[in-house]
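Take a look at the letters that make up each chain.
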Amino acid sequence: MNMEKVYCGVDVSKKHLDAFNGKTARRFDNTCEGATALMNWAGNAHYVFESTGGYERMAAWMVMAADGTASIVNPSRVRHFALGMGQIAKTDPIDARMICDFASHTEPKPSKKPSSAQRRLTALVDRRVHLSDMHPAEKNRLGTADEPEMIRLIKQHLKWLEKQLEKIEAKITDTLAEDATMTKKAKCIQSIKGLGIVNAVTLLAHLPEIGTLSRREIASLAGLAPFNRDSGGKSGRRHVCGGRRRLRSCLYMAAMNARTYNPVLREFYQRLVNENHRPKMVALTAVMRKLLIAANSAVKNAEI
């Protein structure tokens with residue numbers, strides 16, 4: 001007899017894991033102990049987590065490490081599914097049940113288990129972003145500080161941030177060097193003019209699927225695939241939505257660089273703006289998509 005697959009929907013927050021196994025709901029702490037209790041309770045289920053700014057990683061990775069099946073899904077897809085089912089109310093237990101129902105209807109593919117180097121690189125890249133965001137904020141505070149004591153403290157903090165950034169970047173380099181596959185992928189990505197080492201490690205950290213998907217799949221995953229908005233005789237403007245925010249931020253800066261220094265993409269950008277009369281942001285998004293597809297192709301076609 002064929003056993004029906006059991007899904008366990010998990011709504012993730014900073015402190016809690018709200019789970020629904022198809023019959024009952026239960027709350028666990030978003031800690032290692034809580035994730036272990038979740039697995040003991042749900043058993044051999046297919047766990048489906050909403051992507052929640054990284055708070056889902058620990059529990060999802062623990063499931064994968066225990067040879068369990070886990071999928072990390074886009075929360076906007078789950079919310080649209082809930083609205084389509086007439087579920088307007090939104091609480092953590094309701095969200096967990098909706099994730100479970102969503103999985104039963106869509107049968108999401110299992111997420112790939114990351115290697116230890118992949119997990120370490122993701123943590124380091126995230127930390128680098130946190131420190132990089134703090135640095136300009138402190139520089140702005142220094143510009144408006146007028147008390148000598150505050151100026152001294154801010155300067156001390158700036159020096160500390162700069163030293164921490166140097167340490168994190170050194171650890172990122174060491175992590176890449178320890179994994180031959182990731183080193184080769186990073187070199188392939190950097191072969192695209194406009195994509196540097198920061199772009200390469202960000203793509204490897206937040207898009208581990210790179211090199212394994214089609215051009216449409218990779219663009220959709222990053223939130224750079226244009227979707228039609230046509231109805232009857234009306235043809236609406238295509239737009240991009242969803243995807244992974246860190247990737248778009250990374251590719252945006254790369255596209256700003258590529259439209260100046262990459263001859264092919266510079267011509268492409270100018271043609272969209274000058275000849276096709278596209279808004280500059282639309283043209284820049286198209287450049288972002290071109291860079292991502294080129295990086296995906298470079299990794300896919302390399303002998304890794």
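Residues numbered from 1 in each chain as written. Predicted model: local features only at pLDDT ≥ 70, side-chain atom pairs only at ≥ 80, totals over all residues. Heavy atoms only, no water.

A word on the UniProt feature "coiled-coil region" (unreviewed entry) in the protein chain. UniProt records the feature "coiled-coil region" (unreviewed entry) for residues 151–178 in the present numbering. Summarising residues 151–178: 100% helix, 0% strand, and an end-to-end C-alpha distance of 41 Å. (UniProt positions renumbered as here; feature names shortened; annotations may be inferred. Helix = DSSP H or I, 4+ residues; strand = E, 2+ residues; numbered from the N terminus.)

Below, the discussion takes up the packing of helix H7 (residues 180–190) against helix H12 (residues 280–301). How two helices sit against one another is set out by the angle between their axes and by the gap between those axes. Packing of H7 against H12 brings their axes to within 8 Å, and their N-to-C directions diverge by 135 degrees. If you check the angle between H7 and H12, you find them oblique. Viewed along their axes, H7 and H12 form a crossing whose handedness is right-handed. Between H7, through Lys185, Cys188 and Ile189, and H12, the contact on the second element is made entirely by Ala295, Ala298 and Val299. Classifying every residue of the contact of H7 with H12 by side-chain character gives five nonpolar, no polar and one charged. (Axes fitted to C-alpha atoms, helices over the stretch in contact; angles between N-to-C directions. Parallel < 35°, antiparallel > 145°, perpendicular 65-115°, else oblique. Left-handed = near helix turned anticlockwise from the far one by under 90°. Contact = heavy atoms within 4.5 Å. Nonpolar A, V, L, I, M, F, W, Y, C, P; charged D, E, K, R; others polar.)

Across the sheet, five strands lie side by side as S3-S2-S1-S4-S5; this open sheet has mixed pairing. This sheet does not close on itself; its edge strands, each paired only once, are strand S3 (25–29) and strand S5 (69–73). Strand-to-strand, the axes of this sheet are offset by a mean angle of 25 degrees, without reference to chain direction. Two elements, strand S2 (residues 16–20) and S3, share five bridges in a ladder whose sense is antiparallel. Each bridged residue has a counterpart across the sheet, and for Ala19 the counterpart in S3 is Arg26. Contacts from helix H2 (residues 57–65) reach S2, strand S4 (46–50) and S5, with the element oriented near 150 degrees to S5. (Pairing = 2+ DSSP bridges.)

Take helix H8 (residues 197–206) next. For H8, the buried fraction is high: eight of the ten residues fall into the buried class. On its buried face, H8 is in contact with H2, helix H5 (116–144), helix H6 (148–178), H7, helix H10 (245–261) and H12. (Buried < 20%, exposed > 50% of the residue type's maximum accessible area, 1.4 Å probe, protein only.)

Structurally, the protein chain comprises domain 1 (7–106), domain 2 (115–178) and domain 3 (180–230 + 240–303). Computed over C-alpha atoms, the centres of domain 2 and domain 3 are 26 Å apart. Asp126 is the partner of Arg246 in a salt bridge, and the nearest nitrogen-oxygen pair spans 2.6 Å. The set of elements that each furnish at least two residues to the side of domain 2 that touches domain 3 consists of H5 and H6. Per-element accounting of the side of domain 2 that touches domain 3 gives the leading share, nine residues, to H5. Its residues placed into classes, the side of domain 2 that touches domain 3 shows seven nonpolar, four polar and three charged. (Domains from an automatic or database assignment. Salt bridge = Lys/Arg side-chain N within 4 Å of Asp/Glu carboxyl O.)

This brings us to the UniProt feature "domain: Transposase IS110-like N-terminal" (unreviewed entry) in the protein chain. Following the UniProt record, the feature "domain: Transposase IS110-like N-terminal" (unreviewed entry) maps to residues 8–142 here. Here residues 8–142 runs as 53% helix and 19% strand, with 49 Å between its end C-alpha atoms.

Attention now moves to the nonpolar core. In this structure, Ile189, Leu203 and Leu291 are the most contacted members of the largest nonpolar core, which totals 48 residues. Elements that contribute at least two residues to this core include exactly H5, H6, H7, H8, H10, helix H11 (263–275) and H12. For this core, the element with the highest residue contribution is H12, accounting for eleven residues. Each of domain 2 (115–178) and domain 3 (180–230 + 240–303) accounts for three or more of the residues forming this core. (Core = buried A, V, L, I, M, F, W, Y, C linked by side-chain atoms within 4.5 Å.)

Moving on to the pairing of S5. Across five bridges, the pairing between S4 and S5 is parallel. Each residue of the ladder has a partner; that of Val48, found in S5, is Ser71. As a crossover connection, the stretch from S4 through H2 into S5 is right-handed. (Right-handed = clockwise from strand over helix to strand, strands pointing away.)

Another aspect to go through is the packing of H5 against H6. At a minimum axis distance of 9 Å, the contact between H5 and H6 shows a crossing angle of 160 degrees. Put simply, H5 runs roughly antiparallel to H6. Remark: the crossing between H5 and H6 carries left-handed chirality. For the contact of H5 with H6, the class distribution of residues is 15 nonpolar, five polar and ten charged.

With 15 residues, helix H4 (residues 92–106) extends 21 Å between its outermost C-alpha atoms, agreeing within 8% with the 21 Å of an ideal straight helix rising 1.5 Å per residue. Looking at the packing, one finds that the buried side of H4 touches strand S1 (7–12), S2, S4, S5 and helix H3 (75–84). Just downstream of H4, Glu107 is the residue with a positive phi angle, here 50 degrees. (Expected span 1.5 Å × (residues − 1).)

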